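Structure assessment
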Amino acid sequence: MSQKFRKIQNANDDSTAFGKWFATAVYDQHFISTDQLAEFIQTQATVKKSDIKAVLDELGGAMKHFFELGQKVKLDGIGIFKVGFSSIGTTAKEDCGAQTITTRRVLFQPESKRVVVGQTTSKKGKIVQKFIVAKTLVKDVVFEETFDTSLLPESDAGSESGSGEGTGGGDTNP
């Protein structure tokens, strides 16, 4: 299997990328449930589906508990989760407080590792490594163009160009 994508053209006249084509991810309209995830994990491990499901069901509550304590949660092989928020700006320092927090969200930083891809020698004779930072979860994901419009939301079906939103040319971080 592979991550599907389709080609869309940036149709935003105000964008510096106007007219350029970009690959954009296409997702199945169905989510993988906790039950389906537990079923899959059961085939990869020696733990029963019921035990896996129980752990996954408790994961959200456990993460919330540690978020309330101001902690970040690191899941090995997955990444780091932490609380993020927005607040209303105030002119006086003393007016800024918890009451000005407006939007709460969970921020996710995928686990990554440094992968050496080569080396050069500097003018001073030092060996300098060239490396990339590979996101562990997506490092080996295969990509494939799709023409299956059943995977698209109804509003996008049949559309060959987009507004340019979310199509800035890809993630600048590897």
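Residues numbered from 1 in each chain as written. Predicted model: local features only at pLDDT ≥ 70, side-chain atom pairs only at ≥ 80, totals over all residues. Heavy atoms only, no water.

1. Focus on the sheet that holds strand β5 (residues 101-110)
Hydrogen bonds between backbone groups are what pair the strands of a sheet, and the pairing can be parallel or antiparallel. As a reminder, the rule being used: A pair of strands is treated as paired once DSSP finds two or more bridges between them. Helix and strand definitions here come from DSSP, where helices need a minimum of 4 consecutive H or I residues and strands a minimum of 2 consecutive E residues; each element is numbered from the N-terminal end. Axis definition: a line fit to C-alpha positions, over the contact stretch in the case of helices; interaxial angles, taken between N-to-C directions, run 0 to 180 degrees.
Pairing is antiparallel across the open sheet formed by 3 strands, whose spatial order is β3-β4-β5. Both outer strands of the open sheet, β3 (73-75) and β5, are each paired with one neighbouring strand and no more. Ignoring which end each strand starts from, the neighbouring axes of this sheet average 25° apart.

2. Describing the packing of helix α1 (residues 34-44) against helix α2 (residues 49-68)
Quick reminder of the rule: The labels follow the angle: roughly parallel below 35 degrees, roughly antiparallel above 145, roughly perpendicular from 65 to 115, and oblique for the rest. What makes a crossing left-handed is the near helix being turned counterclockwise from the far one by less than a right angle; a clockwise turn instead makes it right-handed. We call two residues in contact when some of their heavy atoms are within 4.5 Å. Three classes are used: nonpolar for Ala, Val, Leu, Ile, Met, Phe, Trp, Tyr, Cys and Pro, charged for Asp, Glu, Lys and Arg, and polar for all others, with Gly counted as polar.
Look at α1 against α2: their axes get within 8 Å of each other, and the N-to-C directions meet at 130°. As the angle between them shows, α1 and α2 are arranged oblique. For the element pair α1 and α2, the recorded crossing hand is right-handed. Within the contact between the two elements, α1 uses Thr34, Asp35, Leu37, Ala38, Glu39, Ile41 and Gln42 and α2 uses Lys49, Ile52, Lys53, Leu56 and Asp57. Broken down by class, the residue content of the contact of α1 with α2 amounts to 5 nonpolar, 2 polar and 5 charged.

3. Looking at the pairing of strand β4 (residues 79-87)
Looking at chain direction, β3 and β4 are connected through 3 bridges and run antiparallel. Looking at the pairing, lysine 74 lines up with isoleucine 80 of β4. Here β3 hands over to β4 after 3 residues, with glycine 77 in that stretch at a positive phi of 85°. Pairing between β4 and β5: 9 bridges, direction antiparallel. The residue of β5 that forms the bridge with valine 83 is valine 106.

4. Describing the pairing of strand β1 (residues 3-10)
In this structure, β1 lies alongside strand β8 (residues 143-145), joined through 3 bridges in parallel fashion. What sits directly across from phenylalanine 5, in β8, is glutamate 145. In the sheet, β1 pairs with strand β2 (residues 21-26) via 6 bridges, with the strands oriented antiparallel. Looking across to β2, one finds that lysine 4 is bridged to valine 26.

5. Focus: the packing of aromatic side chains
Our working definition: Paired rings are identified among Phe, Tyr and Trp, the last through its six-membered ring, by centres lying within 6.5 Å, and are further divided according to the angle between planes into stacked (under 30 degrees), edge-to-face (over 60) and tilted (the rest).
Across all of its chains, the model carries 1 aromatic pair by this definition. Relative to phenylalanine 108, the ring of phenylalanine 81 lies with its centre 4.8 Å away and its plane at 35°, an arrangement referred to as tilted. Of this pair, phenylalanine 81 sits in strand β4 while phenylalanine 108 sits in strand β5, placing them 27 residues apart in sequence.

6. Remarks on the confidence of the model for the protein chain
Where we set the bar: Residue-level confidence of the predictor, termed pLDDT, takes values from 0 up to 100.
In this model, the protein chain carries an average pLDDT of 82, and 86% of its residues clear a pLDDT of 70 or more. Ignoring residues within four places in sequence, the model shows residues 157-174, a span with pLDDT below 50, making 26 contacts including any to other chains.

7. Topic: the pattern of salt bridges
Rules: Within this document, salt bridges are pairs made up of a side-chain nitrogen of Lys or Arg and a carboxyl oxygen of Asp or Glu, the two lying within 4 Å of each other. Residue exposure (1.4 Å probe, protein chains only): buried if accessible area is under 20% of the type maximum, exposed if over 50%, otherwise partly exposed.
Enumeration over the complete set of coordinates arrives at 8 salt bridges. Linking aspartate 35 and lysine 49 is a salt bridge whose minimum nitrogen-to-oxygen distance equals 3.2 Å. Pair noted here: aspartate 35 is in helix α1 and lysine 49 is in helix α2, with a separation of 14 residues, a long-range link. Residue classification places aspartate 35 among the partly exposed residues on the basis of a relative accessible area of 33%. Salt bridges sharing common partners tie together Asp35, Glu39 and Lys49.

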